[in-house]
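An overview of the molecular structure
Listed below, chain by chain, are the residues.
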Amino acid sequence: MRIKGLIVGLVTLLAPMSLSAQERRPHSVLVLDQSDGGPFYYQLLSSLRGTVANHPDEHVALYSENLDLSRFSGPVFEASLKRYLKEKYQDKTIGALVSVGAATTELVVKWRDELWPGIPVVYAMLDEMDVARLKRPPNVTGVINHLPLAFEIEAARAVVPDLDTIALVGDPWNSLVVYRNWGDEVGTAAAGLKVIDLVGQKLADVRQRVAELPERSAIIYSAMFSDGEGKFYLPSVALGLIAERANRPIITPAETFLVPGGIGGYVLLPRQIGEEVAGVTLRILDGARAAEVPPVHGGVKPIFNWPQMQRWNVSQSSLPAGSEIRFRDPSFLEKYRWQSALVAAALLIQAGLIAFLLHERHMRRHAEVESRKRMTELAHVNRRATTGELSSSIAHELNQPLGAILTNAETAELILKSDNPDLGEIREILADIKRDDQRAGEVLRRLRGFLKRTPFETRDIDLNEIMSEAFKFMSVQASARNVALYLQTAPNALRIRGDPIHLQQVILNLVVNSMDAVATMPYGRTVIGRTELNGGSSAVVSISDSGPGIPADELSRVFDPFFTTKDQGMGIGLSIARTIVLAHRGQIWAENQHGGGAAFHFTLPLAA
Ligand code: ADP
């Protein structure tokens, strides 16, 4: 009873301890791989090491052994390996074993009871067939990389759409550590295809054979470690030598085979496998039992090499869904993404600005056209008013030739009544009548032209001519109002671009205003017009008078619309004159002369 009680007590005491021992394992790992030391295993181990090193709570000690099973085998080698591991690690506490590759895993499971009793095993790089071959040993889990030959044949069909032949290249199936199950799959996976079996052949022979493969074929490469003549290679190096000669694309099953000459296919991803196996191992070190951690599936993806795709004319759309393409030169947009975005944004802003400015310009043009239309309408009204004022001088101008015509006609009648009419004289009279009629016609033509409702139109004109015509128009009115009207034009023609009717209107408005101004003067009523060159680029027109001048405080207002100091004034003459001058890209201003009287000046740019 006492012993039984003691046992019960001990069990009760030890129970939590043994439970906790079962939960957290010593944080040290022995990684055994069958690698060749090539880039694939290097990447796998370094990502495994990196992931383990990042373990947050506790440092994990990591030992690693390279069993080199691709190049060494046999019972003697295995026995020496086992002895070496036993002696080397006898004093080390190992929390978990990581075995990379099917052959390694088989040895580790076989030796575990003797070398590392009860220690969990985490495998990597096994497929389902390899795992089944282990026959469910206890305390074993890991990462399954499902990469059957059928996947690579699918990749071959994507690369060569009318595929009818595959050439298999690599070491003998049973000496392969990773793809050895492909040997058993050939019959089913390659059904319907012709198979050129170069497996296990010497590298030199393979190089010869792959140079003369038929048109609709692809090479499927597993891995070649030996040239069959005693030389060992890294499989990636052997692949490069084969690719040098191959006349068809080479489907390759490892990410690290993409560079030496493979077009790609479904590939094993060493870094991802390293991370996944490290994840499972850490869970076990942290207390999970291997039986509770189901095997992880992953580490395989379809990846293709862009330059090889170009070489073999393979389009992206024919690749298996989810394929990744490597080594493609980034497009300009991909390469300069943010710069392109900036340029695009700048272009957009610029385009917006241009659109806005064009709209503005359109609106301004529209407004200009509208205001010009208004101006010509108003100018027309103003002209009619001016001609109203000038009606007496117009009547006078018409009366003169009409009167002469009448007198001449009457004289001709008298001559005809005589017995011996002088036909020569009659002829002269008729010529006079004709000339007077033309003069009257000319007056009417000028008047009609002046009164026409014309749109604003510019053409090449001589400012002197415009000025002379306007002054001629005013001459009768001037003498009726007892005003001496003088004109001094520049000696040479002043060629400008302008609308003659509108410019005459400016001159007329200024002259009429001057005549109004001098009307208050009892004597010495003078209005002088002048045209001059103003430097080399413009002409200036001046109308000055001997009137009272403009009071200083009104000087700035005379051009305002509706500003008038006259009883019957409308106050639009000067404002119209200014609008017309501005429309000709000129300037207009008023000033008082030193000797008295006002002077108005306006400039116009000379025609180029
Ligand atoms: P309106 O002749 O109908 O008054 P304007 O716009 O032609 O309209 O002239 C505006 C005003 O400018 C005139 O009422 C007058 O006071 C002043 N003005 C124009 N020309 C002269 C001038 N030569 N001398 C003095 N004042 C002038």
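Residues numbered from 1 in each chain as written. Predicted model: local features only at pLDDT ≥ 70, side-chain atom pairs only at ≥ 80, totals over all residues. Heavy atoms only, no water.

**A short note on the environment of M309**
In plain terms, the rule: For the purposes of this entry, the term helix denotes a DSSP run of H or I that reaches at least four residues, the term strand denotes a run of E that reaches at least two, and both are numbered from the N terminus. Burial status follows relative accessibility: with a 1.4 Å probe on protein chains alone, a residue under 20% of its type maximum counts as buried, one over 50% as exposed, and anything between as partly exposed. Note on contacts: a residue pair qualifies if any of its non-hydrogen atoms lie within 4.5 Å across the two residues.
Relative to the elements of secondary structure, M309 occurs in helix 11 (residues 306-311). Classification of M309 by relative accessible area gives buried; the value is 0%. When the C-alpha atoms of M309 and R337 are compared, they prove to be 25 Å apart, with 28 residues separating the residues in sequence. Non-local contacts of M309, meaning those with residues more than four positions away in its chain, are made with I263, F304, V314, S315, Q316, L319 and I325.

**Some remarks on helix 9 (residues 235-245)**
Selection criterion: Note that the arc is defined by the directions from the helix axis to the C-beta atoms.
Taken residue by residue, helix 9 has P235, S236, A238, L239, I242 and A243 as its buried positions. Taken around the axis of helix 9, the buried residues stretch over an arc of 155°, which confines them to a single face. As for helix 9, its buried residues are in contact with helix 2 (39-53), strand 6 (165-169), helix 8 (203-209), strand 8 (217-221) and strand 9 (250-251).

**Describing the side chain of H55**
In this structure, H55 sits in the loop between helix 2 and strand 2 (61-66). Classification of H55 by relative accessible area gives buried; the value is 10%. When residues no more than four places from it in sequence are discounted, the contact partners of H55 are H27, V60, L282 and D286.

**Quick word on empty space enclosed by the protein**
Our working rule: For each structure, a 1 Å grid was placed over the protein atoms alone; sets of points admitting a 1.4 Å probe that cannot get out are labelled cavities, open sets with protein on both sides within 12 Å along at least five of seven lines are labelled pockets, and lining residues have an atom within 4 Å of a point. Grid points are joined across faces, edges and corners, and a volume is the space filled by probe spheres set on the points. Polar here means any residue outside two lists: the nonpolar Ala, Val, Leu, Ile, Met, Phe, Trp, Tyr, Cys and Pro, and the charged Asp, Glu, Lys and Arg; Gly therefore counts as polar.
Under the definition given, this model contains two cavities of 30 Å³ or more. As a volume, the second largest cavity reaches approximately 90 Å³. In this structure, the second largest cavity is lined by M125, L126, D127, D130, N145, L147, V178, Y179, N181, W182 and L268. Of the residues contributing to the lining of the second largest cavity, the split by class is seven nonpolar, two polar and two charged.

**Thoughts on unusual backbone geometry**
With a phi close to 65°, M125 is a non-glycine residue in the positive phi region. Tracing the backbone shows M125 in strand 4 (residues 121-126). Judged by its relative accessible area of 2%, M125 is buried. Positive phi, close to 60°, is recorded for N313, a residue that is not glycine.

**Notes on the layout of surface pockets**
Considered as a void within the structure, the largest pocket measures approximately 780 Å³ in volume. Forming the walls of the largest pocket are 31 residues, and the residues nearest its centre are N513, D516, T564, T565 and K566. The element that contributes the greatest number of residues to the lining of the largest pocket is helix 17 (residues 500-518), accounting for six residues. For the lining of the largest pocket, a count of residues per class yields 13 nonpolar, 13 polar and five charged.

**Digging into the sheet that holds strand 4**
Rule in force here: Only strands that DSSP links by at least two bridges are regarded as paired with each other. Here an angle of 0 to 180 degrees is reported between the N-to-C directions of two axes, which are lines fitted to C-alpha atoms, with helices fitted over the stretch in contact.
Reading across the sheet, the six strands line up as 2-1-3-4-5-11 and stay open at both edges, with parallel pairing between neighbours. Looking at which strands have only one partner, the edges of the open sheet turn out to be strand 2 and strand 11 (296-297). One ladder, built from four bridges, connects strand 3 (residues 96-100) with strand 4; its direction is parallel. The residue bridging L97 from the neighbouring strand is V121, located in strand 4. Together, strand 1 (28-33) and strand 2 form the strand contacts of helix 3 (residues 75-89), whose direction differs from that of strand 2 by roughly 160°.

**Examining the sheet that holds strand 18 (residues 538-545)**
Two modes of strand pairing occur in sheets, parallel and antiparallel, and in both the strands are linked by backbone hydrogen bonds. The five strands are arranged 15-17-18-20-19 in an open sheet whose pairing can be described as mixed. Only two strands of the sheet have a single neighbouring strand rather than two, namely strand 15 (484-488) and strand 19 (587-592). Averaged over all adjacent pairs, the angle separating strand axes in this sheet is 15°, with direction ignored. Looking at chain direction, strand 18 and strand 20 (residues 598-605) are connected through seven bridges and run antiparallel. Directly across from A539, in strand 20, lies its bridge partner L604. Sitting on the sheet, helix 17 is in contact with strand 15, strand 17 (526-534), strand 18 and strand 20, with an inclination near 25° to strand 18.

**Some points on the pattern of salt bridges**
In plain terms, the rule: For this analysis, a salt bridge means a side-chain nitrogen from Lys or Arg found within 4 Å of a carboxyl oxygen belonging to Asp or Glu.
If you walk through the whole model with that rule in mind, you get 21 salt bridges. A salt bridge links K82 to E114, with the shortest nitrogen-to-oxygen separation between them at 2.9 Å. Within this pair, whereas K82 is found in helix 3, its partner E114 is found in helix 4 (residues 102-115), the two being separated by 32 residues in sequence. For E114, a relative accessible area of 45% translates into the label partly exposed. One salt bridge in this structure joins E324 and K301, with 2.7 Å as the shortest N-O distance. Remark: K301 occurs in strand 12 (residues 300-305) and E324 occurs in strand 13 (residues 324-326); sequence separation between them is 23 residues. Look at K301 and you get partly exposed, because its relative accessible area is 27%.

**Looking at the packing of aromatic side chains**
How we decide: When the centres of two rings from Phe, Tyr and Trp lie within 6.5 Å, Trp using its six-membered ring, the rings pair. Their planes under 30 degrees apart give stacked, over 60 give edge-to-face, and anything left gives tilted.
Counting across every chain of the model gives seven aromatic pairs. Between Y63 and Y89, the aromatic rings sit 5.7 Å apart at their centres with planes inclined by 75°, giving edge-to-face as the arrangement. Taken together, the residues Y63 in strand 2 and Y89 in helix 3 connect sequence positions 26 residues apart. For Y89, a relative accessible area of 6% corresponds to the buried category.

These results come straight from atomic positions and should not be treated as a statement about function.
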